[in-house]
Amino acid sequence: QKEVEQNSGPLSVPEGAIASLNCTYSDRGSQSFFWYRQYSGKSPELIMSIYSNGDKEDGRFTAQLNKASQYVSLLIRDSQPSDSATYLCAVRSVGGSNYKLTFGKGTLLTVNP
Amino acid sequence: NAGVTQTPKFQVLKTGQSMTLQCAQDMNHNSMYWYRQDPGMGLRLIYYSASEGTTDKGEVPNGYNVSRLNKREFSLRLESAAPSQTSVYFCASSELEGADTQYFGPGTRLTVL
């Protein structure tokens, strides 16, 4: 059973702070890693993807991947109240010829003005 | 472009009733997916269709059937609804199986009494 674990939260940070969201995964064969954002009552939307070890930056968002430690994280700099949402970590692995996304349970982030 | 659309948005069923959840996408995507999302459980894959004419089981297929009607449409059927199927159901699509981005529909909130 492939598992994706996220820090349970909720995570509360003040506006302007750095929010750090963490995720570990069990399948060493995992190839691709994603962060989805889900506002309350809405559907998930992709905000970051990362495939190789190291950091990937996109605006205020930085994804970090360490395959040896089976760990992926998302940093949100200068957090804004509009960043308040549940963040879902997703991991893609290959089973035979099939690609599957496995999602973590999500971490609820609240950014306080 | 509407993206991914789902009907209905809300539904209440009695135990044993049947219903079909409809999903359509107008992005000419090949792959489509059905997920359920339960509190504390994250998103779990029910069934997916890598391309028109194919369907495969996901993580939690029991109690469900699917039909890939054509390239645009992918329906999910509950033959005999059970309270354990109370959930929010999301349909998603991607250009290809294993493609980076899955685009999610707005969801169907189903309650089984």
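None of these values were measured; they are calculated from a predicted model.

A. Structural context of the state of the cysteines. All names here are of chain B. Applying the stated criterion across every chain yields a total of two disulfides over all chains. A sulfur-sulfur distance of 1.9 Å marks the disulfide that ties Cys-23 to Cys-91. Taking the torsion about the sulfur-sulfur bond, which here is approximately -70°, the covalent link between Cys-23 and Cys-91 counts as left-handed. Residue Cys-23 is located in strand β3 (residues 19–25), and its partner Cys-91 is located in strand β9 (residues 87–94); the two are separated by 68 residues in the primary sequence.

B. Examining the layout of surface pockets more closely. The space that makes up the largest pocket amounts to roughly 610 Å³. Taken together, 28 residues make up the lining of the largest pocket; nearest its centre are Gln-38 and Gly-41 of chain A together with Gln-37, Val-88 and Arg-109 of chain B. Within the residue set of the lining of the largest pocket, elements represented by two or more residues are β9 (85–95) of chain A together with β4 (31–38), β9 and β11 (108–112) of chain B. If you tally residues by element for the lining of the largest pocket, the top one is β11 of chain B, at four residues. Its residues placed into classes, the lining of the largest pocket shows ten nonpolar, 13 polar and five charged.

C. Summary view of the interface of chain B and chain A. The partner chain A presents 20 residues to the 20 residues of chain B that form the contact. Between chain B and chain A, a total of about 1600 Å² is buried, with carbon and sulfur atoms accounting for 50% of that surface. Linking chain B to chain A there are zero salt bridges. The interface formed by chain B and chain A contains three residue pairs in polar contact (both at pLDDT 80 or more).

D. Spotlight on the sheet that holds strand β7 (residues 64–68) of chain B. Residue and element names in this part refer to chain B. Spatial ordering of the open sheet is given by β1-β3-β8-β7, a layout of four strands whose pairing is antiparallel. A strand with exactly one partner marks an edge of an open sheet, and here the two such strands are β1 (4–7) and β7. Shown here is a sheet whose adjacent strand axes are inclined to one another by a mean of 20°, direction ignored. Relative to β3, β1 runs antiparallel, the two being bridged by four bridges. Within β3, the position partnered with Thr-5 by the bridge is Ala-24.

E. Just the pairing of strand β8 (residues 71–76) of chain A, in detail. All names here are of chain A. One ladder, built from six bridges, connects strand β3 (residues 19–25) with β8; its direction is antiparallel. Paired with Leu-21 across the strands is Leu-74, a residue of β8. For strand β7 (residues 61–66) and β8, the ladder comprises six bridges, and the chain directions are antiparallel. The residue of β8 that forms the bridge with Thr-62 is Leu-75. In this structure, the hairpin formed by β7 and β8 is closed by a connection of four residues, where Gln-70 is found at a positive phi of approximately 55°.

F. Focus on unusual backbone geometry. Omega for the bond connecting Thr-7 of chain B with Pro-8 of chain B falls within 30 degrees of zero, at -5°, which places this linkage in the cis form. Within the element layout of this structure, Pro-8 of chain B appears in the loop between β1 and β2 (10–13). Of note, Gln-70 of chain A is a non-glycine position whose phi angle comes to about 55°, a positive value. Relative to the helices and strands, Gln-70 of chain A resides in the loop between β7 and β8. Judged by its relative accessible area of 12%, Gln-70 of chain A falls in the buried class. Phi angles above zero are rare outside glycine, and Asn-28 of chain B is one such case at about 60°.

Reading the values: the criteria
Every chain's residues receive numbers from 1 upward, in the order its sequence appears when written. Key to labels: chains lettered from A, ligands numbered from 1, both in the order written. In keeping with the predicted nature of the model, local features appear solely for residues at pLDDT of at least 70, side-chain atom pairs appear and are counted solely at 80 or more, and the whole-chain, interface and lining totals rest on all residues. The basis for the side-chain values is all heavy atoms of the structure; hydrogens and waters are excluded. Defined by distance alone, a disulfide is two cysteine sulfur atoms within 2.5 Å. Each helix corresponds to a stretch of at least 4 residues labelled H or I by DSSP, and each strand to a stretch of at least 2 residues labelled E; elements are numbered beginning at the N terminus. Think of a 1 Å grid over the protein atoms and nothing else: a 1.4 Å probe that fits but is trapped marks a cavity, an open set flanked by protein within 12 Å on at least five of seven lines marks a pocket, and residues with an atom within 4 Å of a point count as lining. Grid points are joined across faces, edges and corners, and a volume is the space filled by probe spheres set on the points. When residues are sorted by character, Ala, Val, Leu, Ile, Met, Phe, Trp, Tyr, Cys and Pro go into the nonpolar class, Asp, Glu, Lys and Arg into the charged class, and all the rest, Gly among them, into the polar class. Note on contacts: a residue pair qualifies if any of its non-hydrogen atoms lie within 4.5 Å across the two residues. We define buried area as the total accessible area lost by two parts upon association, computed with a 1.4 Å probe and summed across both. Basic side-chain nitrogens of Lys or Arg form a salt bridge, by our definition, when they fall within 4 Å of a carboxyl oxygen of Asp or Glu. Counting of polar contacts relies on pairs of N or O atoms within 3.5 Å, with two restrictions inside protein: one atom must be capable of donating a hydrogen and the other of accepting it, and residues adjacent in sequence are counted only when both atoms are side-chain atoms. Pairing between two strands requires that DSSP report at least two bridges joining them. A fitted line through C-alpha atoms serves as each axis, taken over the contacting stretch for helices, and the angle formed by two N-to-C directions is quoted from 0 to 180°. Each residue is assigned to one of three classes by its accessible area relative to the maximum for its type, calculated with a 1.4 Å probe on protein chains only: buried under 20%, partly exposed between the two thresholds, exposed over 50%.

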